[in-house]
Amino acid sequence: MNEEILQKIALIQERINNACKESNRNPNEVKLLLATKTIPAERIKMALQAGQTLIAENKVQEIKEKYEALKEIPHTNHFIGHLQTNKIKDLLKYNVSCIQSLDRLDLAEKLHQRLQFENKTIEVLIQVNTSFEESKFGVNPDNAIELVKHVAHLETLKIKGLMTIGLFSSETEKVRKCFRLLKDIQQQIIALNIPNVKMQELSMGMSGDMETAIAEGATIVRVGTAIFGQRIYPDSYYWNENI
Ligand SMILES: *Cc1c(COP(=O)(O)O)cnc(C)c1O
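Small disclaimer: the values here were computed from a predicted structure and weren't measured.

## Thoughts on the nonpolar core
Consideration 1: Among the nonpolar cores identified, the biggest contains 67 residues, and I126 and L157 are the most heavily contacted of them.
Consideration 2: Counting residues per element, this core draws most heavily on helix α1 (residues 2-22), which supplies six residues.

Printed below as a string of structure tokens:
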């Protein structure tokens, strides 16, 4: 099993390298994040022992369950799931360095309150719903800049960029549109020169669409299935509040 994960990681690294070559980018500009939802700590451990350093969960409960098993291996934890405000306090116990799924002001304000209380800061990416699908989280693209401006005033939240989940479609050009839109919003925000706002990270691209995302400027690709295999739960379980 160890061998299998190593091979899959090597394959992904090769896909990243090839995609970078195609678009004249330096592979060092693209970080591989392992999306580890539903994956047992033992298998995540193998990936960390193989040299991977960046992992992310979608649910606070899963971070909690795997925390003890993983904490002795140095790594960086991001959060990429829908965050309910009543889980904030719990989430902050587990050494998460970046919340990639900040998508609304009330969440930002409650996070800020709690962080102030704990005398901490945290990195955030603003999640944008570039596919305009109701089933997906993320701020509406038309309201993204507004949200960034508001969050910029909350000094415990360090904005580092944007995150999106592309449209699920076999039509590459439709998927590309989502990533282009995220890049476009990033460029608009950079031009506004908002204090306390960095825009270096574009977290976009997953197992099925990472090449397109890299071509459009991704700096973080989030990969689950292509490394750990198919999950038992449908993604809607993680992405849709109604399920
Ligand atoms: C599960 C998940 C991924 C990884 O998706 P795969 O298709 O398994 O590579 C990426 N981003 C988010 C937000 C996810 O929930």
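## Quick look at the UniProt feature "modified residue: N6-(pyridoxal phosphate)lysine" (unreviewed entry) in the protein
Consideration 1: Residues annotated by UniProt as "modified residue: N6-(pyridoxal phosphate)lysine" (unreviewed entry) correspond here to K37.
Consideration 2: Topologically, K37 is positioned in the loop between β1 (31-35) and α2 (41-49).

## A short note on the UniProt feature "domain: Alanine racemase N-terminal" (unreviewed entry) in the protein
Consideration 1: Mapped onto the present numbering, the UniProt feature "domain: Alanine racemase N-terminal" (unreviewed entry) falls on residues 39-230.
Consideration 2: Along residues 39-230 one finds 40% helix and 20% strand; the C-alpha atoms at either end are 10 Å apart.

## Overview of the site of the ligand
Consideration 1: Near the ligand there are 13 residues, and of these K37, N58, S207, T225 and R231 occur at the shortest range.
Consideration 2: A distance of 2.8 Å is found between an oxygen atom of the ligand and a side-chain nitrogen or oxygen belonging to N58.
Consideration 3: Against a free-state accessible area of 380 Å², the protein chains account for coverage of 97% of the ligand.
Consideration 4: In terms of residue class, the shell around the ligand is made up of six nonpolar, four polar and three charged.

## Details of the packing of helix α6 (residues 144-151) against helix α7 (residues 172-192)
Consideration 1: Across the interface, α6 lies against α7 with an axial gap of 10 Å and an inter-helix angle of 45 degrees. With respect to α7, the axis of α6 lies oblique. Between α6 and α7 lies a crossing of right-handed hand. Of the residues in α7, those in contact with A144, I145, V148 and K149 of α6 are I185, Q188, I189 and L192.

Rules and cut-offs
Residues numbered from 1 in each chain as written. Predicted model: local features only at pLDDT ≥ 70, side-chain atom pairs only at ≥ 80, totals over all residues. Heavy atoms only, no water. Core = buried A, V, L, I, M, F, W, Y, C linked by side-chain atoms within 4.5 Å. Buried < 20%, exposed > 50% of the residue type's maximum accessible area, 1.4 Å probe, protein only. Helix = DSSP H or I, 4+ residues; strand = E, 2+ residues; numbered from the N terminus. UniProt positions renumbered as here; feature names shortened; annotations may be inferred. Near = heavy atom within 4 Å. Polar contact = N/O pair within 3.5 Å; in protein donor to acceptor, adjacent residues only side chain to side chain. Areas by Shrake-Rupley, 256 points an atom, 1.4 Å probe, with all protein chains shown as cover. Nonpolar A, V, L, I, M, F, W, Y, C, P; charged D, E, K, R; others polar. Axes fitted to C-alpha atoms, helices over the stretch in contact; angles between N-to-C directions. Parallel < 35°, antiparallel > 145°, perpendicular 65-115°, else oblique. Left-handed = near helix turned anticlockwise from the far one by under 90°. Contact = heavy atoms within 4.5 Å.

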